[in-house]
Each structure stands twice: as C-alpha cells, then as structure tokens.
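Read off the chains here:
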Amino acid sequence: MPAAWGGVFALSLGAFALVASEFMPVSLLTSIAADLRVTEGQAGQSIAVSGAFALATSLSISSLAGKLDRKVLLLALTLLMIVSGSIAAFAPNYWSFMAGRAFIGVAIGGFWSLSAATAMRLVPSTQVPKALAILNGGSALATVAAAPLGSFLGAIVGWRAAFFALIPVAAIALAWKWASLPPMPAERSQGGANLFTLLRRPAVALGMVAVSLFFMGQFALFTYLRPFLETATHAGATLTSLMLLVIGVAGFIGTTLIGALLKDGMYRTLVAIPLVMAVIALALPVFGASPFATGLLLALWGLVGTAAPVGWWTWLARTLPHDAEAGGGLMVAVVQLAIALGATVGGLLFDGFGYRATFGASALVLVVAAGMALLAGRAARPAR
C-alpha cells in the first residue's frame, strides 16, 4: 500500500485543533468564570476534567474499540471534538461547560493513544519518525497559537466565540480524514495485550519510567515559568508573552528537525534531550536577570523539549510494533500522571522555597530520566 501522506497531514490538523481546544481555557479563565458565575479556580478545573477523562480513555480505548475500523474510530473522535466545542461555546451554565470539557478529554485520550499505531499503518516503517514529526508539528503549532489567539479573540468577540472558532478547523480535519485515510481494520493483536504484560518487558518498563520522569521534570519547571520571568527577569506582560512565543516557535522548528536524529541515534537523542534541559534548568536561575540570556535558554528549551514527544512516540513504534495501540494508551496515561505530579511537586517547592528549588528539582529529575533512557536502550539491545 502506498504511503498515505494526506492522512498524516489530516491527523496533524486534527492534532492542532485538539491541543488548541485542550488549552483554550488557560487564556480565557477570567471571562469564563465571570460569565458562568463561578470562581477562576472552578473554571480552571476544566483543564483537570479534560485530563482525567483523557487518562481514563487512554487506558481503555484499545480494548473498548474492539474490532471497530480505526478510520471510523478516528472520525468519531474528531466528531466528538466538534460536539465538545459546540457544548462549551453555547453552555448555559457551569456544568454544561464541564460536560463539554469531558468530551474533549475523551477525544484527547483516544486520539493520542492511536496516533503512533495509525502513523505506522499510513507510511513505510522507515518514514514513521517523519510522519510522527508532522503529526506532532500540529500539536507544537497549537502551543504557539492557542494562548495568544484565544486571548485575542476573547478580548474582541468573547470567550464563547473563541471556542467556536475551532469548530470549523475540526470540521475541515474531519472531512480531510474521511477523504484521505484508508480503511484500517482492527488487527488481531490490537487490544489483546494487557498493560501489565507489556510492563514485564524490561525495555518497555524502563522506557515508561524514563518518559514519565522526563515529563515530570519538564512540567515541574515549565508550569512555573511565568512567575519566574516576572520575579527573576522582571518581565512585563509583553516580554513574558514574547518569551513564551519564542519557546513555541523553537519547539515547532525542533519537531521538524528531530526526525533525522532519530533514524540512526534514537536512544542517544532520548538521553541527550533531558540532559540538555537539566543544564538549562540550572542555568536559568544564574542568568535569569538577563532577558537576552533567558530568551536564548528558553529557545533551546523549546527546541529540544517540544521535540521530545516525537522521539518517545518513535520509541513506542519501534519497541511495540505489534502492540502500538495498547502501548500508546499506556504512555498517554503515564504522561498525564507525570505532568500532574510534576506540576504539583513543582508548585509545593515554588511556594515553600522559591524558584531555585523548583528548577533544581526539575534538573535532578531530568538527569534521572536520561539515565533511565540509557538503561532502556541497553535493555532493548538483546531483544533486537
């Protein structure tokens, strides 16, 4: 079967709409809270709700989908994204809004659980890293555009219109997927692998520990980057937005470049990325007073950090070629938990001891993540 690159780009557009929808409330919390007559903290729980449903879906979708054609499943998840955006945009009250956020969580967990397995079926094995880079490029672009676009539209036409603006994008993605994705009947091994059975393989277990530590260390720092910039760099709103934009643009570039490194040096890349980020985490408190130096460090952070998921999805595709769906669900669950734990621990350290403790802890966890990735690579050698 020839490579279905049109399907890959359709998935990338879907990833853009999905990630933009996931994080849209971040830049609109104040308006959402005022309109729905709840506190900003309650409005912020919309992120937690979508994360919880993404976690539950990622662990169950492979077995629940059973023999359903994966093209039909991906189309259904995209349609659910449209339904979610419509409910959120027209929600008459807080609980209706949260129901819409629950639906987007299901779409998030389902889509990312299937992403690696789908890419493996659309292109030849040698082109999988490139396909994953394109797919994750949509996600990276959404991290660049979602917050400023949401804030801009929210100020001009209101938060409901900002949510509704993503529905046409999702509709285009739905039509494109329907036209470009080939039929993908469920394979016999899909859904058959027990998650605990997968973790009995040393290379898989060590890799999952490594990916969890990576995201834990990354989000322990990244979640509290804004207060660091405001206190250490004395950045105002404009400079802070510019710094975040630099991270996003550099990340988009990184996702387009990492494929070449993964072809012949996947484990070297997975070890090097957290080590580079650990050095940055230690350097930021030292050079934080300089906006120029901080901007350069954050550009490098975005370049390697945003590209890392492409590396780990490539690892999944190579390590579990026959159980990519079950492995994908497991990895999505691991990442969701790691992000939550990293943000929580980072916040406790930030409140109790300041940003130096948070950034130091992030560096330590990232170094351990590099070590676990190295061990995962060694464990994979006999299997190959």
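Asks: Let's hear about the packing of aromatic side chains: which residues, and what values?
Replies: Within a pair of aromatic rings, the relevant descriptors are the distance that separates the centres and the angle that separates the planes. Enumeration according to the criterion identifies 13 aromatic pairs in this entry. Members of the aromatic cluster, each reached through a chain of ring pairs, are Phe97, Trp159 and Phe163. Positioned over the ring face of Trp5 is Lys130, at 5.1 Å from the centre of the ring.

Asks: Lay out empty space enclosed by the protein with the relevant residues and their values.
Replies: Scanning all chains against the criterion turns up 2 cavities of 30 Å³ or more. By volume, the largest cavity amounts to about 80 Å³. In this structure, the largest cavity is lined by Ser21, Met81, Ile82, Ser84, Gly85, Ala88, Arg101, Ile104, Phe163, Leu166, Ile167 and Ala170. Elements represented by at least two residues in the lining of the largest cavity include exactly α4 (70–90), α5 (94–122) and α8 (166–180). Looking at which element gives the most residues to the lining of the largest cavity, the answer is α4, with 5 residues. Approximately 30 Å³ is the volume found for the second largest cavity. In terms of lining residues, the second largest cavity is bounded by Gly14, Leu18, Leu74, Leu77, Thr78, Met81, Ala107, Phe111 and Lys177. Of all the elements in the fold, those that place two or more residues in the lining of the second largest cavity are α1 (5–23), α4 and α5.

Asks: So, the environment of Val365: which residues are in play, and what are the values?
Replies: By the secondary structure assignment, Val365 is in helix α16 (residues 355–383). For Val365 and Ser212, which are 153 residues apart along the polypeptide, the C-alpha to C-alpha distance reads 9.9 Å. Ignoring sequence-local partners within four residues, the contact set of Val365 consists of Leu213, Met216 and Gly217.

Asks: Which residues make up the pattern of salt bridges, and what values do they have?
Replies: Any two side chains of opposite charge can pair, on the condition that their charged atoms come close. Across all of its chains, the model carries 1 salt bridge by this definition. Salt-bridge contacts for Asp35 lead to Arg160; the nearest nitrogen and oxygen are separated by 3.0 Å. Note that Asp35 is positioned in helix α2 (residues 29–36) and Arg160 in helix α7 (residues 159–164), a separation of 125 residues in sequence. Residue class for Asp35 comes out partly exposed when judged on its relative accessible area of 38%. Residue class for Arg160 comes out partly exposed when judged on its relative accessible area of 25%.

Asks: Outline the nonpolar core, listing residues and values.
Replies: Ranked by size, the top nonpolar core spans 122 residues in total, and within it Phe97, Trp112, Phe163, Met208, Phe214, Trp312 and Trp315 carry the most contacts. Not counting residues within four places of it along the chain, the set of residues in contact with Met208 comprises Leu199, Trp315, Leu316, Gly327, Leu330, Met331 and Val334.

Asks: Pulling in residues and values, what's your account of the environment of Ala324?
Replies: Within the secondary structure, Ala324 is located in helix α15 (residues 324–353). A relative accessible area of 5% places Ala324 in the buried class. For the pair Ala324 and Ser115, spaced 209 residues apart in sequence, the C-alpha separation works out to 9.0 Å. Contacts of Ala324, omitting those with residues within four sequence positions, involve Ser113, Ala117, Met120 and Leu316.

Scoring rules and cut-offs
- Residues numbered from 1 in each chain as written.
- Predicted model: local features only at pLDDT ≥ 70, side-chain atom pairs only at ≥ 80, totals over all residues.
- Heavy atoms only, no water.
- Phe/Tyr/Trp six-rings, centres within 6.5 Å; stacked < 30°, edge-to-face > 60°.
- Lys NZ or Arg CZ within 6 Å of the ring centre and 35° of its normal.
- 1 Å grid on protein atoms, 1.4 Å probe; cavity = no way out; pocket = protein on both sides within 12 Å on 5 of 7 lines; lining within 4 Å.
- Points joined across faces, edges and corners; volume = space filled by probe spheres on them.
- Helix = DSSP H or I, 4+ residues; strand = E, 2+ residues; numbered from the N terminus.
- Contact = heavy atoms within 4.5 Å.
- Salt bridge = Lys/Arg side-chain N within 4 Å of Asp/Glu carboxyl O.
- Buried < 20%, exposed > 50% of the residue type's maximum accessible area, 1.4 Å probe, protein only.
- Core = buried A, V, L, I, M, F, W, Y, C linked by side-chain atoms within 4.5 Å.

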